[in-house]
Amino acid sequence: MSENLIAFFDREAAVIAPELLGAAFLHNGVGGRIVEVEAYHPSEPASHSFPGPTPRNRVMFGPPARIYVYRSYGIHWCVNFVCADASAILIRAIEPTDGIETMRRRRGLEDLRALCSGPGKVCEALGITGTDNGKPLGVPPFSLTLKPGDGPFHIGKRIGISKAVDLPWRFGVRGSRFLSRKFATGE
């Protein structure tokens, strides 16, 4: 893993999150352009690291630039990028660009917009599972290519959580049709 990538992620998740918009994220050559993310910090109760280290969240307390994969509601895998101080960034949506036919087969649908428009959908389409937990970013099977600024973006409240819902730590590419959900008016 490159020192630049480690240094990039060795910062707070809420600072890094909007900088990930437009980055190319691939797993075994399948993936696309990140269009929506959410940041989580151990100081707030919606973060998996809030209660301290556990067998489930141990990766969050390790070095930055690692993959943290967990099961949501016991059903869907979700992928996060580990940042400094046990913070992390949830990948909420991707615009598919690479391996589209593989994604369609895995998801059992044709609609390009719906392939990766939610965190569980991202993992299913890219083939990310719990066996990927703890693996480094930027090293096969993962590839992350950062892009400088992706133009205007939305900032809003995180969704799908019941704690710390007022934090404006959801970020999305403005005008993207691949978001998991539209941002509220004014976000």
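Let us look at the structure shown here.

Quick notes on the rules
- Once a new chain begins, its residue numbering starts again from 1 and follows that chain's sequence as written.
- Given that this is a predicted model, residues contribute local features only at a pLDDT of at least 70 and side-chain atom pairs are listed and counted only at 80 or more, while totals for whole chains, interfaces and linings are drawn from all residues.
- Remark: hydrogens and water are excluded; side-chain values derive from all non-hydrogen atoms of the structure.
- Numbering of helices and strands runs from the N terminus; a helix is a DSSP stretch of H or I covering at least four residues, while a strand is a stretch of E covering at least two.
- C-alpha atoms define the radius of gyration in this analysis, and the globule rule sets the expected value at 2.2 Å times the number of residues to the power 0.38.
- Any residue under 20% of the maximum accessible area for its type is buried, any over 50% is exposed, and the rest in between are partly exposed; the area is computed with a 1.4 Å probe on protein chains only.
- Whether two residues touch is decided by their heavy atoms; if any such pair falls within 4.5 Å, the residues are in contact.
- The method behind every accessible area is Shrake-Rupley, applied with a 1.4 Å probe, and residues are considered shielded solely by the protein chains displayed.
- Axis lines are fitted to C-alpha atoms, over the contacting stretch for helices. Their N-to-C directions set the angle, which ranges from 0 to 180 degrees.
- Should an angle fall under 35 degrees it is called roughly parallel, over 145 degrees roughly antiparallel, and 65 to 115 degrees roughly perpendicular, with every other angle called oblique.
- Left-handed describes a crossing whose near helix is turned anticlockwise from the far helix through less than a right angle; right-handed describes the clockwise counterpart.
- The residue classification treats Ala, Val, Leu, Ile, Met, Phe, Trp, Tyr, Cys and Pro as nonpolar and Asp, Glu, Lys and Arg as charged. All others, Gly included, are polar.
- At least two bridges found by DSSP between two strands is the condition for calling them paired.
- Throughout this description, the term nonpolar core refers to a set of buried Ala, Val, Leu, Ile, Met, Phe, Trp, Tyr and Cys residues connected via side-chain atoms within 4.5 Å.
- The pairing test for Phe, Tyr and Trp rings, Trp by its six-membered ring, is centres within 6.5 Å, and the orientation test on the planes gives stacked under 30 degrees, edge-to-face over 60, and tilted for anything in between.

Now for the overall build of the protein. Along its length, the protein carries four helices and eight strands. Along the protein, helices (α) and strands (β) appear in the sequence α-α-β-β-β-β-β-α-α-β-β-β when read from the amino end. For the protein, whose C-alpha radius of gyration is 15 Å, the value lies close to the compact-globule estimate of 16 Å for 187 residues. The C-alpha extent of the protein, read off along each of the three principal axes, is 40 × 40 × 35 Å. Relative to its full complement of 187 residues, the protein shows a buried share of 49%. Taking the intrachain contacts of the protein between residues at least 6 apart in sequence as the baseline, contacts between residues at least 24 apart amount to 60%. Surface accessibility of the protein: about 8,400 Å² in total, with carbon and sulfur atoms responsible for 55%.

For the rest of this paragraph, the subject is unusual backbone geometry. Geometrically, the link from Pro140 to Pro141 is a cis peptide bond, its omega value of 15 degrees lying close to zero. Considering the arrangement of structural elements, one finds Pro141 in the loop between helix H4 (119-126) and strand S6 (142-145). At Asn28, a residue that is not glycine, the phi angle is positive and equals roughly 50 degrees. The topology assignment puts Asn28 in the loop between strand S1 (24-27) and strand S2 (30-40). Classification of Asn28 by relative accessible area gives exposed; the value is 55%. We note that Ala65 has phi near 70 degrees; this positive angle belongs to a residue other than glycine.

As a further point, take the packing of helix H3 (residues 100-107) against H4. The geometry of a pair of packed helices is captured by two quantities: the angle between their axes and the separation between those axes. At a closest axis distance of 8 Å, the pairing of H3 and H4 adopts a crossing angle of 115 degrees. With respect to H4, the axis of H3 lies roughly perpendicular. The two elements H3 and H4 cross, and the hand of that crossing is right-handed. Taken together, the residues of H4 that come into contact with H3 (itself represented by Met103, Arg106 and Arg107) are Lys121, Glu124, Ala125 and Leu126. Partitioned by chemical class, the residues of the contact of H3 with H4 number three nonpolar, no polar and four charged.

Turning our attention to the pairing of strand S3 (residues 67-72). Judged by how many residues are buried, S3 sits mostly within the fold: five of six residues are covered. Counting the residues that bridge the hairpin from S3 to strand S4 (residues 76-82) gives three residues, and of these Tyr73 lies at a positive phi of roughly 55 degrees.

The next point concerns the environment of Leu112. Mapping Leu112 onto the fold places it in the loop between H3 and H4. We classify Leu112 as partly exposed; its relative accessible area is 23%. C-alpha separation for the pair Leu112 and Phe178, spaced 66 residues apart in sequence, amounts to 8.5 Å. When sequence neighbours within four positions are dropped, the list of residues in contact with Leu112 reads Pro96, Ile100, Arg104, Arg177 and Phe178.

Grouped together as the largest cluster of nonpolar side chains are 42 residues, with contacts concentrated most on Phe9, Phe25, Phe81 and Leu144. Ranked by residue count, the leading element in this core is S2, at five residues. If we ignore the near neighbours within four places in the chain, the residues touching Phe9 are Ile16, Leu20, Pro64, Ala65, Phe81, Val82, Cys83, Ala84, Leu137 and Leu144. Core analysis: the next-biggest nonpolar cluster, separate from the first, contains nine residues, Val59, Tyr68, Cys78 and Val82 among them.

Turning next to the packing of aromatic side chains. In total, this model carries six aromatic pairs according to the counting rule given. When the ring of Phe8 is compared with that of Phe9, the centres are 5.0 Å apart and the planes differ by 85 degrees; the resulting orientation is edge-to-face. A relative accessible area of 15% means that Phe8 is categorised as buried. Each ring, one from Phe25 and one from Phe142, has its centre 5.9 Å from the other, and the planes form 5 degrees; the classification is stacked. One end of the pair, Phe25, is in strand S1; the other, Phe142, is in strand S6, with 117 residues separating them in the sequence. With respect to class, Phe25 is no different from Phe142; both count as buried.

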